[in-house]
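Here is how the chains run, residue by residue.
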Amino acid sequence: DSGVTQTPKHLITATGQRVTLRCSPRSGDLSVYWYQQSLDQGLQFLIQYYNGEERAKGNILERFSAQQFPDLHSELNLSSLELGDSALYFCASSVTGGAAGELFFGEGSRLTVL
Amino acid sequence: DAKTTQPPSMDCAEGRAANLPCNHSTISGNEYVYWYRQIHSQGPQYIIHGLKNNETNEMASLIITEDRKSSTLILPHATLRDTAVYYCIVRPFLGSARQLTFGSGTQLTVLP
């Protein structure tokens, strides 16, 4: 158990819909990272927040957005969903903002878009 | 950022040492070597990292060549639960999260 909690574990929705994925980092970790893993793309970095502020951005689509709240939990919002958005979405956390050491990953949220 | 090259797959007998190689011939002086693994559809798990000295922890050992152009992750006594995709990543210690990129990795299969 990494200490990172992600909900929901599974989500099935239709194209055009909007979903929210939630992540609670390990106690004391200030950074939250979001990754997308699809069959043909591998593990792709989306975005990082550190203590409530956006710190780094990867290949995140404009239809996607994220935020980190004062209690440090984070949400990833996916809108206007397309079939290609079906993937595993992982959240990770770390103590520092520089991704210096190890990242602790949650078990992921599996999104299926029909 | 330095690129890494790993074999796509390897097999190892249960109880034997698993030696997973990684080439990173363009590594810079400030870049560390990180290893993560991902057991089927679970979240990646950090294993170990190092700069130039060999490192050991409760999970594995990391051997980095003197010229730092390659490294080997050693699982001393592989078990069936070590079957996973192993990722070798090089990045600055305090680099951006964008630099923690996971490539294709090596699929290690531990055979009974």
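Residues numbered from 1 in each chain as written. Chains lettered and ligands numbered in written order. Predicted model: local features only at pLDDT ≥ 70, side-chain atom pairs only at ≥ 80, totals over all residues. Heavy atoms only, no water.

So, on to the sheet that holds strand 7 (residues 64–68) of chain A. Sheets are built from strands paired through backbone hydrogen bonds, the pairs being either parallel or antiparallel. Residues and elements named next belong to chain A. An order of 1-3-8-7 is seen for the 4 strands of this open sheet, with the pairing classed as antiparallel. In this open sheet, the two edge strands, each paired with only one partner strand, are strand 1 (5–7) and strand 7. For this sheet, the mean angle separating the axes of adjacent strands, direction not counted, is 15°. Direction of pairing for strand 3 (residues 19–24) relative to strand 8 (residues 74–78): antiparallel, over a ladder of 5 bridges. Across the sheet, Val19 pairs through a bridge with Leu78, a residue of strand 8. (Pairing = 2+ DSSP bridges. Helix = DSSP H or I, 4+ residues; strand = E, 2+ residues; numbered from the N terminus. Axes fitted to C-alpha atoms, helices over the stretch in contact; angles between N-to-C directions.)

So, on to the side chain of Gln48 of chain A. All names here are of chain A. Mapping Gln48 onto the fold places it in strand 5 (residues 42–50). Taking the relative accessible area as the measure of exposure, Gln48 reaches 0% and is therefore buried. A polar side-chain atom of Gln48 sits 3.1 Å from a polar atom in the side chain of Ser31. (Buried < 20%, exposed > 50% of the residue type's maximum accessible area, 1.4 Å probe, protein only. Polar contact = N/O pair within 3.5 Å; in protein donor to acceptor, adjacent residues only side chain to side chain.)

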